Amino acid sequence: MSELTHLGLAEARDGLAARRFSARELAQAHVAAIEDARALNAYVVETPEQALAMADASDARRAKGEAGPLDGLPIGIKDLFCTRGVRTTACSRILGNFVPPYESTVTANLWRDGAVLLGKLNMDEFAMGSSNESSAFGPVISPWRRPGDNRPLVPGGSSGGSAAAVAARLCLAATGTDTGGSIRQPAALTGTVGLKPTYGRCSRWGIVAFASSLDQAGPMARSVRDVALMLGSMAGHDPKDSTSVDTPVPNYEAALGKGVKGLRIGVPKEYRIDGMPAEIEALWQQGCDWLRAGGAEIVEISLPHTHLSLPAYYVVAPAEASSNLARYDGVRFGFRKDGGNLIELYENTRGEGFGKEVRRRILIGTYVLSAGYYDAYYLKAQQVRSLIAGDFTTAFEKVDAILTPTTPGPAFPLGEGSADPIAMYLNDVFTVTANLAGLPGLALPGGLSGDGLPLGLQVIGRPFDEETLIRIGDVIEDAAGFTARPDAWWGGR
Ligand code: GLN
């Protein structure tokens, strides 16, 4: 039954509908694959019993003719989403063994449509990172390796467990979250497809908050069609999230196959950054050629404030994080380390409960928000953010979407980037802009690097125009014909 794990999400949906296999068989195949792949450390909680029970319930619904759009399809959930009765820790020690008594809206939508939970996926602690090395449960190992080189590589972050699990066939699709690139960058590094929706498209309710004005949930899968299918279930208005937007959820799958004829696609000259590897530039040109061949017009555009986006992001995101993470005090839930008095209790709990990167962000965030520095840093960063959003508004008067590389390079060996936080932050140079402007972004594989690793292209769109991204992604996917897969060195089937 192992070939069942190699189906796409939509293919498995069609196979279930045609009764070629049952939801139970599909779940069993994935449970076995997950057991074989513990070396990747992609899952931090496995829920095999729940998966089989949900699969049986799905088979029963189908027998009665009541199957939903995702009925019987096994998926993984990033550990940032609260799942009722299933441990949720944001991969931080400070949440201890927290078991939420409620379900996030996005995961509730997925279960409503019949999806099956395989378990919770590893991630950078509180979604802070680009390599999945800051998890309290240890790093995720990418299923990819350079040919002839056994050094473990990072899967990207912070949704590194989601990306690794999708790439290694340990789920048909997964949820991710993206505050500055955490869906798109790991998708690029693992040869998978990830979509960060427009801010407000998916409810943030029940997702552990990192930077509330930037956080957005989205799908990760192995094809553009599969992310379209997932997004259709994840998206929607939610009165419990005041920033969730009440606009109808289109049929995203219907955007496939429409082609790009007549579309104008912008290429921002400021994204041609110093020191960008030649193979990234070549991939970007290739992407333009594919779209031109499909009948699109490629237009050079300018996003003049691009160089300010990383500095603005690394002020705004830590500022919001320092405020959101103030609630972890050792009193109400999670990890607690006692002290002689209340202040010592706080200090001990937060000192030991948070990892190094999270502490760094809290310190930066507290600093930029403090009296005397607020105007110089936080306010300035917010002003810059408006300028960056304005650049996009101007560009979208001329073009329908924007094509860029997803990351400045392929996956790197474990331990190589984590020594230098600034170098790690550079991973997000092409992705943070979409978060600062609230725009949707799609990442998909375009080809392989010289050392045999996946490289990604990114398409950024107008607010709530995920359909155009899917249309363009579909054309790039067809043209790229990306079929490379990691060798199953971990013992995968
Ligand atoms: N890598 C970025 C950071 O560390 C983005 C993380 C994210 O999108 N969650 O903040």
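Please refer to the structure placed before this passage.
Attention in this report is confined to the structure presented alongside it. (Residues numbered from 1 in each chain as written. Predicted model: local features only at pLDDT ≥ 70, side-chain atom pairs only at ≥ 80, totals over all residues. Heavy atoms only, no water.)

### Some remarks on the overall build of the chain
Phase 1: Across its full length, the chain holds 15 helices and 11 strands.
Phase 2: Taking 23 Å as the expected radius of gyration for a compact globule of 493 residues, we find that the chain reaches 21 Å, a close match to that expectation.
Phase 3: Referenced to the eigenvectors of the C-alpha coordinate spread, the extents of the chain come out at roughly 65 × 50 × 50 Å.
Phase 4: Look at the contacts in the chain between residues 6 or more apart in sequence, and 77% of them connect residues 24 or more apart.
Phase 5: Counting only carbon and sulfur atoms, one obtains 53% of the accessible surface of the chain, whose full area is about 17,700 Å².
Phase 6: Distance between charge centres in the chain, computed from 47 positive and 55 negative side chains, equals 2 Å. (Helix = DSSP H or I, 4+ residues; strand = E, 2+ residues; numbered from the N terminus. Rg over C-alpha atoms; globule rule 2.2 N^0.38 Å. Contact = heavy atoms within 4.5 Å. Areas by Shrake-Rupley, 256 points an atom, 1.4 Å probe, with all protein chains shown as cover. Lys, Arg positive; Asp, Glu negative; His and termini not counted. Charge placed at Lys NZ, Arg CZ, Asp CG, Glu CD.)

### Quick notes on the sheet that holds strand 11 (residues 454–461)
Phase 1: One open sheet holds the 11 strands; their spatial order is 1-3-2-4-6-5-10-11-9-7-8, and the pairing between them is mixed. Bordering the open sheet on either side are strand 1 (43–46) and strand 8 (297–301), each of which pairs with just one other strand. Mean inter-strand twist for the sheet, computed between neighbouring axes without regard to direction, equals 30°. (Pairing = 2+ DSSP bridges. Axes fitted to C-alpha atoms, helices over the stretch in contact; angles between N-to-C directions.)

### Points about the pattern of salt bridges
Phase 1: Summed over the entire model, instances satisfying the criterion amount to 23 salt bridges.
Phase 2: With its nearest N and O atoms 2.9 Å apart, the salt bridge here joins E253 to R225. Placement of E253 in the loop between helix 7 (224–234) and strand 7 (264–268) and of R225 in helix 7 is noted, with a sequence separation of 28 residues between them.
Phase 3: With relative accessibility at 16%, the residue E253 sits in the buried group.
Phase 4: A single salt-bridge network, built from bridges that share partners, covers R13, D14, R225 and E253. (Salt bridge = Lys/Arg side-chain N within 4 Å of Asp/Glu carboxyl O. Buried < 20%, exposed > 50% of the residue type's maximum accessible area, 1.4 Å probe, protein only.)

### Here's the deal with a nonpolar patch on the surface
Phase 1: Together, Y367, Y373 and Y377 give the surface a local cluster of nonpolar side chains, amounting to about 290 Å² of exposed area.
Phase 2: Relative to the helices and strands, Y367 is located in helix 11 (residues 356–369).
Phase 3: Accessibility expressed as a relative area gives 39% for Y367, which makes it partly exposed. (Patch = residues over 30% accessible without salt bridge, like charges linked within 9 Å, V, L, I, M, F, W, Y side chains within 5 Å.)

### Brief notes about the site of the ligand
Phase 1: For the ligand, the set of nearby residues contains 15 residues, the closest of which are T179, G180, S182, Y313 and R361.
Phase 2: A distance of 2.7 Å separates an oxygen atom of the ligand from a polar atom in the side chain of Y313.
Phase 3: When the ligand is considered free in solution it has 290 Å² of accessible area, and contact with the protein chains removes 100% of it. (Near = heavy atom within 4 Å. Polar contact = N/O pair within 3.5 Å; in protein donor to acceptor, adjacent residues only side chain to side chain.)

### Some points on the side chain of D79
Phase 1: Its location among the elements puts D79 in the loop between strand 2 (74–78) and helix 4 (105–112).
Phase 2: A polar contact of 2.8 Å, which involves the side chain of D79, links it to the side chain of T89.
Phase 3: With residues near it in sequence (within four places) discarded, D79 still touches V44, R87, T88, T89, A90, C91, K120, L121 and M123.

### Some words on the pairing of strand 6 (residues 216–221)
Phase 1: Most of strand 6 is tucked away, with 6 of its 6 residues classed as buried.
Phase 2: Residue alternation in strand 6 divides its side chains into two sets, Q216, G218 and M220 and A217, P219 and A221, and both sets are buried.
Phase 3: Sheet topology note: the strand 4 (residues 173–178)/strand 6 ladder contains 6 bridges and is antiparallel. Across the sheet, residue D178 finds its bridge partner in strand 6, namely Q216.
Phase 4: Both strand 5 (residues 193–196) and strand 6 contribute to a ladder of 2 bridges, which runs antiparallel. Following the sheet pairing, V193 is matched in strand 6 by A221.

### Concerning the nonpolar core
Phase 1: L110, F126, L170 and L291 are the most contacted members of the largest nonpolar core, which totals 141 residues.
Phase 2: Here this core takes 9 residues from helix 9 (residues 309–324), the largest share from any one element.
Phase 3: Among the nonpolar cores identified, the runner-up in size contains 10 residues, and A188, F412, M424 and L453 belong to it. (Core = buried A, V, L, I, M, F, W, Y, C linked by side-chain atoms within 4.5 Å.)

### Focus: the environment of Y328
Phase 1: Its location among the elements puts Y328 in the loop between helix 9 and helix 10 (342–353).
Phase 2: Placed 318 residues apart in sequence, Y328 and A10 show a C-alpha to C-alpha distance of 40 Å.
Phase 3: If we skip the residues at most four places from it in the chain, Y328 touches I94, L95, F126, V208, F333, R350 and F354.

### Structural notes on the state of the cysteines
Phase 1: Tallying each qualifying case throughout the model produces 0 disulfides.
Phase 2: The structure places no disulfide on C202, whose sulfur is separated from the nearest cysteine sulfur, that of C82, by 16 Å. (Disulfide = S-S within 2.5 Å.)

### Observations concerning the packing of aromatic side chains
Where two aromatic rings form a pair, the distance of their centres and the angle of their planes describe that pair.
Phase 1: Counted by the stated rule, this structure contains 15 aromatic pairs.
Phase 2: Relative to Y377, the ring of Y373 has its centre 6.2 Å away and its plane inclined at 40°; by these criteria the two rings are tilted.
Phase 3: Accessibility expressed as a relative area gives 35% for Y377, which makes it partly exposed.
Phase 4: Through pairs of rings, three or more aromatic residues link up here, namely F98, F126, Y328, F333 and F354.
Phase 5: Across from the ring centre of W489, 3.8 Å away, lies the NZ or CZ of R145, which sits over that ring.
Phase 6: The residue whose ring lies beneath K240 is W205, and the NZ or CZ to ring-centre distance is 3.9 Å. (Phe/Tyr/Trp six-rings, centres within 6.5 Å; stacked < 30°, edge-to-face > 60°. Lys NZ or Arg CZ within 6 Å of the ring centre and 35° of its normal.)

### Some points on unusual backbone geometry
Phase 1: Here the bond from G157 into S158 is cis, since omega is 5°, no more than 30 degrees from zero.
Phase 2: For N132, which is not a glycine, the phi torsion comes out positive at approximately 60°.
Phase 3: Tracing the backbone through its elements, the reader meets N132 in the loop between strand 3 (116–121) and helix 5 (160–167).

### Overview of helix 15 (residues 466–480)
Phase 1: End to end, helix 15 covers 20 Å across 15 residues, agreeing with the expected 21 Å (1.5 Å per residue, within 8%).
Phase 2: Every buried residue of helix 15 is listed here: E466, T468, L469, I470, R471, I472, G473, D474, V475 and I476.
Phase 3: Following helix 15 by one or two positions, G481 has its phi on the positive side, about 50°. (Expected span 1.5 Å × (residues − 1).)

### Points about helix 11
The α-helix advances 3.6 residues per turn, and as a result positions three or four apart in sequence lie on the same side.
Phase 1: Counted at 1.5 Å a residue, the expected span for helix 11 with its 14 residues is 20 Å, and the 20 Å between its end C-alpha atoms agrees.
Phase 2: Among the residues of helix 11, those classed as buried are E357, V358, R361, I362, G365 and V368. Down the axis of helix 11, the sector holding all buried residues measures 140°, keeping them to one side. Opposite its buried face, helix 11 presents the exposed residues K356 and L363, each directed more than 90 degrees away. (Arc of directions from axis to C-beta.)

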